[in-house]
Amino acid sequence: MVPPDSSPPPRNLIVSNRLPVTIQVHDGVPRAVPSAGGLATSMRQVHAEPGSLWIGWPGDTCGLSPEARVDLDEQFVGQNLRAVHLERTQVERFYEGFSNGVLWPLFHYSLERVRLDAWKDWEAYREVNERFADTVAQVWQPGDRIWVHDYQLALVPQLLRARLPEASIGFFLHIPFPASAAFRILPWRREILEGLLGADLIGFQTFSFQRHFMSALLRVLGLEPRLEDLEYQGRMVRVGAFPISIDTRYFVARSAEPETSAAAEALRANHPGCQLLVGVDRLDYTKGLPRRVLAIERLLERAPHLHGKFKFIQVAVPSRTGVEAYEKLRREIDELIGRVNGRFSNLQWSPVQYLYRSVDEAELLALYRAGDVMLVTPLRDGMNLVAKEYVACQLEHDGVLVLSEFAGAAWELGDALLVNPYDVDQTAQAIQDALEMPLEARAERMKALRRRVQQWTVHHWTSDFLRALDAAHAENSQRQATTALPAGQIDRLLSAPGVALVLDYDGTLVPFASTPDRARPDAALLQLLGRLVARRDRLVHLASGRDRSTLLQWFGGLGVGLHAEHGYWSRLPDGEWVQRPVPSLDWMPSVRAIMERFCEHAPGSFVEEKAVALAWHYRRCEPQFGASQARELRSHLAKLLANQPAEVLPGVKVVEVRPSGIHKGLILQDLALRVPPGWPIVAIGDDATDEDLFRALPPEGIGIHVGSRDSIARYRLSDPTSVRLLLERFASAGLSALHAA
Ligand code: GDG
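The structure reproduced in this document is the subject of the present report. Quick caveat, the model's predicted, so the values are computed rather than measured. (Residues numbered from 1 in each chain as written. Predicted model: local features only at pLDDT ≥ 70, side-chain atom pairs only at ≥ 80, totals over all residues. Heavy atoms only, no water.)

Glancing now at the nonpolar core. Counting residues in hydrophobic clusters, the biggest one holds 100 residues, and the most contacted among them are Ile146, Phe177, Ile192, Leu197 and Phe213. Per-element tally for this core: the top contributor is helix H3 (residues 88–107), with nine residues. Those residues in contact with phenylalanine 177, other than ones at most four positions away along the chain, are Phe107, Phe183, Leu193, Phe204, Phe209, His212, Phe213 and Ala216. By size, the runner-up hydrophobic cluster in this structure holds 62 residues, among which are Ile23, Leu355, Val386 and Leu403. (Core = buried A, V, L, I, M, F, W, Y, C linked by side-chain atoms within 4.5 Å. Buried < 20%, exposed > 50% of the residue type's maximum accessible area, 1.4 Å probe, protein only. Helix = DSSP H or I, 4+ residues; strand = E, 2+ residues; numbered from the N terminus. Contact = heavy atoms within 4.5 Å.)

See the structure below:
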């Protein structure tokens, strides 16, 4: 529920793999150090707000006694932190195994690094996600916002939705979301997508990651999202691009401090006559370090006049040490740098200075201030905050940023020198251009870059995301509040002398299946309908777009009224099929011919022939292609049928043409005459053709839309399961009283 204006601001529950502090245990004694990385820095301010709580892993606390752990947890409470303690094997399997051994390389397109034994660790990933969801559910209070972060916790939104259906849940992915062709490699692709869809809002760094996600939903789950939202299990899920940023003011202020200026000057003085090229990265294969060193080598080969004129200082922060792929990368970089320095150094100068360690903030700021050229050339990166921090610290506007076009930051920082980091020669050329760029050109570019980081800071990012989350959640809550069938209303219906039920079939009584013939009624449904009609106080009519032989075959013996082809055919229980008069069907041959042509072009599609309608089904086509063919077919048909007594129906994975004037509303016109006085009519349906039903209801009739699409129906149910639960109540209500009578 959205809190009223007078209530205190909502609490933020931040949920991330790591807490903002990491505990290191030496001889059984815990010591807290700030966690490194962009996520921790960017969420600190949100955490500083009153009532906020941060839930995450505190690092390896296995070396602590149970009492020391309790003490630690108590200290955490005082700092608004909640620890999710993990056993070592859990960390190995959930964090190193699945998160960093499978999802990290896959999402960064490093497919050959995806672990071959990925299946081993999936279970641990799921279990730890459950642990997180349990901890959040324990501390959640109504009105709280939950903000879940990053790829390690992709299942948490759905796990939380199951525990807290009312909660406001946002999810932000810090790393790229890959193109669906890469994402679909993942054996657990469905689970990951379904996990994310528990959120009210899912945020990505860039619009292109958002598009990739939408296309994965289409291809993997068969959902048809719009660009910014989709309906899922009766809720709207909003999706958007929210590029993360930095605390620009802080960086500007810190870099303007005299100590920083002095440290930057000292750094320059160490390399007289040289421009400084700087790189600061976690040592990770996504950061493109080997190719960056090769680009320096290439530059030295092609521009001998630059020998002795620059120094490249690379900081590589140790990361995931002990993991084989990272050890190998470290050796590779050591060798490459050794080779370049060996080839081009002289007694006074060497081209590369390499620091395999982290630097403290003062050193980092000095590097940003002193760097004439910053090299940010990852092969893939969600955003890359180093690029933005460098720009913020360029107080004199005389530095140049060389930036990979595959970093999310390139979306915003188009005034950098953009490079394809796989193209070593082009990168070398860009570095040379940067070194030789005149001051005015540098200033022009840097001013534009600084405008961007001043205009869009981490504060804008958090408030933009939280505002969008509030709006998404408010919309879902409001839908639920205004459209859920109130208990009082159900009681009134159940106490009426009788009820007439007019029910759509596909998508209402059964979920959609991949082909129309697979959506056969199951035994439980037939039994439920049978129990309804066995009562003297229930009338049941099925109103479908299907042909009459199918309906007759499935439901003929049940004693329900049947209406086929959207009301063209009607059959009272045990009566004969009656057909409504239709205008000319002259349009049918040409429509059939067009649809057959589309079948040739779209493998998997097929034409369904009905007595007075034709339907082109594309649910088995490659989804994106099918949808685009459907759009094209609709536009052909609109032209063809401009002066014909026929209309094109909107449908789910189907394009259907039927005679004008035939629609489900006709069914209700006849039925209204047969229903005994005082019996309300309840119409339930999910698709656009059911709107005709709702429109034709008498004023006291009840319309119920299934799903979360816009509808004129007054009430809403989420899916066929909840429809069946409601019907169950109609089937069993007051039975004992009836029997007694
Ligand atoms: C993810 C995504 C996305 C680095 N070395 C030192 C140091 N740092 C600080 C930087 C910067 C942060 O760490 C690194 O941020 P990045 O954005 O580069 O990358 P990650 O945090 O690894 O990862 C990334 C980010 O999340 C945020 O959404 O941008 O794409 O992969 O703030 O300054 N700080 C100090 N010493 C170092 O040695 N003091």
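Going through the model one piece at a time under the given rule, you end up with 29 aromatic pairs. Plain terms: the ring middles of phenylalanine 172 and tryptophan 461 are 5.0 Å apart, the flat faces sit at 80 degrees to each other, and that makes the pair edge-to-face. With phenylalanine 172 in strand E7 (residues 168–172) and tryptophan 461 in helix H17 (residues 458–483), this pair connects stretches of sequence that are 289 residues apart. With relative accessibility at 0%, the residue phenylalanine 172 sits in the buried group. Taken together, the aromatic side chains of Phe94, Phe98, Trp122, Tyr125 and Trp188 make up a single cluster linked through ring pairs. Over the aromatic face of tryptophan 104 sits the side chain of arginine 320, whose NZ or CZ is 4.5 Å from the ring centroid. Between the NZ or CZ atom of arginine 380 and the centre of the ring of tyrosine 109, over which it lies, the distance is 4.2 Å. (Phe/Tyr/Trp six-rings, centres within 6.5 Å; stacked < 30°, edge-to-face > 60°. Lys NZ or Arg CZ within 6 Å of the ring centre and 35° of its normal.)

On to the pattern of salt bridges, then. Tallied over the entire structure, the rule returns 49 salt bridges. Between arginine 115 and aspartate 121 there is a salt bridge; the shortest N-O distance is 3.3 Å. With a relative accessible area of 30%, arginine 115 lands in the partly exposed category. Residue class for aspartate 121 comes out buried when judged on its relative accessible area of 5%. A network of salt bridges, in which partner residues are shared, links Glu297, Arg298, Glu301, Arg302, Arg339, Arg343 and Asp425. (Salt bridge = Lys/Arg side-chain N within 4 Å of Asp/Glu carboxyl O.)

With respect to spatial proximity, 22 residues lie near the ligand, and among them Gly38, His174, Val359, Asp381 and Glu389 are the closest. Leucine 385 places a main-chain nitrogen or oxygen 2.8 Å from an oxygen atom of the ligand. Between an oxygen atom of the ligand and a side-chain N or O atom of glutamate 389, the distance comes to 2.5 Å. Computed on the free molecule, the ligand has an accessible area of 730 Å², of which 84% lies beneath the protein chains in the complex. The set of elements that each furnish at least two residues to the shell around the ligand consists of strand E11 (275–282), helix H13 (361–370) and helix H14 (385–393). Residues that form the shell around the ligand fall into these classes: ten nonpolar, seven polar and five charged. Two domains each provide a minimum of three residues to the shell around the ligand, namely domain 2 (86–245 + 457–481) and domain 3 (248–456). (Near = heavy atom within 4 Å. Polar contact = N/O pair within 3.5 Å; in protein donor to acceptor, adjacent residues only side chain to side chain. Areas by Shrake-Rupley, 256 points an atom, 1.4 Å probe, with all protein chains shown as cover. Nonpolar A, V, L, I, M, F, W, Y, C, P; charged D, E, K, R; others polar. Domains from an automatic or database assignment.)

Phi at tyrosine 109 is positive, roughly 60 degrees, even though this residue is not glycine. For tyrosine 109, the location among the structural elements is in the loop between H3 and helix H4 (119–139). The class for tyrosine 109 is partly exposed, based on a relative accessible area of 26%. A positive phi angle, near 75 degrees, is found at aspartate 150, a position not held by glycine. Turning to its location among the elements, aspartate 150 is positioned in the loop between strand E6 (145–149) and helix H5 (156–163).

This brings us to the sheet that holds strand E16 (residues 417–419). Pairing within the open sheet is parallel, and its six strands lie in the order E13-E12-E11-E14-E15-E16. At either margin of the open sheet sits one strand with a lone partner, and together these are strand E13 (352–355) and E16. The sheet shows a mean angle of 20 degrees between the axes of neighbouring strands, taken without regard to direction. Of the strands in this sheet, E11, strand E12 (310–317) and strand E14 (373–376) are in contact with H13, which crosses E11 at around 135 degrees. (Pairing = 2+ DSSP bridges. Axes fitted to C-alpha atoms, helices over the stretch in contact; angles between N-to-C directions.)

By the element assignment, leucine 558 lies in the loop between helix H20 (548–555) and strand E19 (561–564). Each C-alpha atom, one on leucine 558 and one on leucine 529, is 7.6 Å from the other, the two residues being 29 residues apart in sequence.

This paragraph deals with the side chain of glutamine 432. Following the sequence through the fold, glutamine 432 ends up in helix H15 (residues 424–435). Residue glutamine 432 is classed as buried on the basis of its relative accessible area of 11%. Those residues in contact with glutamine 432 that lie beyond four places of it in its chain are Leu299, Arg302, Ala303, His305 and Leu306.

On to H14, then. Burial within H14 is extensive, with nine of its nine residues counted as buried. Taken together, the buried positions of H14 are occupied by Leu385, Val386, Ala387, Lys388, Glu389, Tyr390, Val391, Ala392 and Cys393. Where H14 begins, one side-chain oxygen reaches toward the backbone nitrogen of valine 386, 3.0 Å away; that side chain belongs to asparagine 384.

Here the focus is the packing of H4 against H5. Between H4 and H5, the shortest axis-to-axis distance is 9 Å and the interhelical angle comes to 45 degrees. The angle between the axes of H4 and H5 places the two elements in the oblique class. Judged by the twist between their axes, the crossing of H4 over H5 is right-handed. Contacts between H4 and H5 involve Asn129, Glu130, Phe132, Ala133, Asp134, Val136 and Ala137 from the first element and Val156, Leu159, Leu160 and Arg163 from the second. Residue composition of the contact of H4 with H5, grouped by class: seven nonpolar, one polar and three charged. (Parallel < 35°, antiparallel > 145°, perpendicular 65-115°, else oblique. Left-handed = near helix turned anticlockwise from the far one by under 90°.)

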